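Breakdown of the fold
Now for the letters of each chain:
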Amino acid sequence: MENNHIKLLPPSLGLVPRVCEAIQESERALAEFLPWVKYALTEEDCRESMREAIANAEGFQRELRFFIVDKRFDRLLGAIGLIIRDKSVPFFELGYWLRSSAQGRGHMAAAVSLLERHAFDELGANRLEIRCAESNRRSRAVAERGGYVLEATLHNERRLPSGRLDNTVIYGKFPPRSPLKGA
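Quick caveat: nothing in here was measured; it's all calculated off a predicted structure.

Our next topic: the environment of Ala125. Within the secondary structure layout, Ala125 lies in the loop between helix 4 (107–121) and strand 5 (127–133). Residue Ala125 is classed as buried on the basis of its relative accessible area of 0%. Not counting the four nearest positions on each side in its chain, Ala125 is found in contact with Pro90, Phe92, Ala119, Phe120, Pro175 and Arg177.

Structure (structure tokens):
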């Protein structure tokens, strides 16, 4: 999957050093909202996570992870995935992260657009969801710019890695062909 500026690559052990470097560069910013970061700081941790991502992709289970690469510089920018919530619907949750030095340039919005087209057109998704901490302004902005609709706020629903209590906001999006959309 690609557009003029980025491409989404499937998981591969060859990407491990680049993924690890991106996480290490952005550790502080990512760790504010993502509890897995402290378990992904060494190359061995990244390798194990990549093995899991490969197995998930091959078995169409848990999460379908892709890596965002800037086509101009062949630089790994981050990751985006479809967490499989219900195959019978089908219903997926999008999760994503971007290295700090690549933020604010539209890369994540482009990656979300590419992945949602794949989910709707290739996987037959009837629902996509973005869930994030209410205080995560960057993730919320990606959802809102992408046309996702704020459907709910779950109060006192999550602990951030810092230990602070936060709400969870849920954004939804549906394919244009959805007969139940808005019902």
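Moving on, there is more to tell.
Our next topic: the sheet that holds strand 3 (residues 75–86). Strands pair in a sheet through their backbones, by hydrogen bonds, and they do so in one of two ways: parallel or antiparallel. Taken together, the seven strands give an open sheet; going across it, the order is 1-2-3-4-5-7-6, and neighbouring strands pair in mixed fashion. Two strands in the sheet have a free side with no partner beyond their single neighbour: strand 1 (6–9) and strand 6 (149–159). With direction set aside, neighbouring strand axes in the sheet form an average angle of 25°. Two strands pair when backbone bridges link them, and strand 3 and strand 4 (residues 91–98) are joined in this way by eight bridges, in the antiparallel orientation. When the sheet's bridge partners are listed, Asp86 is paired in strand 4 with Phe91.

Moving on, we get to helix 4. Taking 1.5 Å per residue as the helical rise, helix 4 with its 15 residues ought to reach 21 Å, and the 21 Å between its terminal C-alpha atoms agrees with that figure. The complete set of buried residues in helix 4 reads His107, Met108, Ala110, Ala111, Val112, Leu114, Leu115, Glu116, Ala119 and Phe120.

For helix 3 (residues 43–59), with 17 residues, the first-to-last C-alpha span of 24 Å sits near the 24 Å given by 1.5 Å per residue. As for helix 3, its buried residues are in contact with helix 1 (16–25) and strand 2 (63–70). Looking at the residues trailing helix 3, positive phi occurs at Phe60, about 45°.

This brings us to the packing of helix 1 against helix 3. Two elements in contact, helix 1 and helix 3, have axes whose closest approach is 9 Å; the angle formed by their N-to-C orientations is 120°. Of the possible angle classes, the one that applies to helix 1 and helix 3 is oblique. Read as a crossing pair, helix 1 and helix 3 show a hand that is right-handed. In this structure, helix 1 uses Val16, Pro17, Val19, Cys20 and Ile23 to contact helix 3, whose residues at the interface are Glu43, Cys46, Arg47 and Met50.

Take Asp166: it is sitting in strand 7 (residues 165–173). Discounting chain neighbours no more than four positions away, the residues touching Asp166 are Ala133, Glu134, Ser135, Asn156, Glu157, Arg158 and Leu160.

A few words now on the packing of aromatic side chains. Applying the stated criterion across every chain yields a total of two aromatic pairs. With a centroid separation of 6.1 Å and an interplanar angle of 55°, the aromatic rings of Trp36 and Trp97 are classed as tilted. Linking Trp36 in the loop between helix 2 (27–31) and helix 3 with Trp97 in strand 4, this pair joins segments that are 61 residues apart in sequence. Judged by relative accessible area, Trp36 falls into the partly exposed class, the value being 32%. Aromatic pair Phe60 and Phe92: ring centres 6.4 Å apart, planes at 85°, arrangement edge-to-face. Of this pair, Phe60 sits in the loop between helix 3 and strand 2 while Phe92 sits in strand 4; the two residues are 32 residues apart in sequence, bridging distant segments of the chain. Phe60 sits in the partly exposed class, given a relative accessible area of 30%. What makes Phe92 buried here is its relative accessible area of 2%.

For the structure on display, the rule yields 18 salt bridges. Note that Arg75 is salt-bridged to Glu25, the shortest N-O span being 3.4 Å. With Arg75 in strand 3 and Glu25 in helix 1, this residue pair connects regions lying 50 residues apart in the sequence. When its relative accessible area of 33% is taken as the criterion, Glu25 is described as partly exposed. Residues Arg140 and Glu144 are paired through a salt bridge, measuring 4.0 Å at the closest nitrogen-oxygen approach. On the criterion of helical spacing, the pair formed by Arg140 and Glu144 is a turn pair, its members being four residues apart in helix 5 (residues 137–145).

The rules behind each value
- Residues numbered from 1 in each chain as written.
- Predicted model: local features only at pLDDT ≥ 70, side-chain atom pairs only at ≥ 80, totals over all residues.
- Heavy atoms only, no water.
- Helix = DSSP H or I, 4+ residues; strand = E, 2+ residues; numbered from the N terminus.
- Buried < 20%, exposed > 50% of the residue type's maximum accessible area, 1.4 Å probe, protein only.
- Contact = heavy atoms within 4.5 Å.
- Pairing = 2+ DSSP bridges.
- Axes fitted to C-alpha atoms, helices over the stretch in contact; angles between N-to-C directions.
- Expected span 1.5 Å × (residues − 1).
- Parallel < 35°, antiparallel > 145°, perpendicular 65-115°, else oblique.
- Left-handed = near helix turned anticlockwise from the far one by under 90°.
- Phe/Tyr/Trp six-rings, centres within 6.5 Å; stacked < 30°, edge-to-face > 60°.
- Salt bridge = Lys/Arg side-chain N within 4 Å of Asp/Glu carboxyl O.

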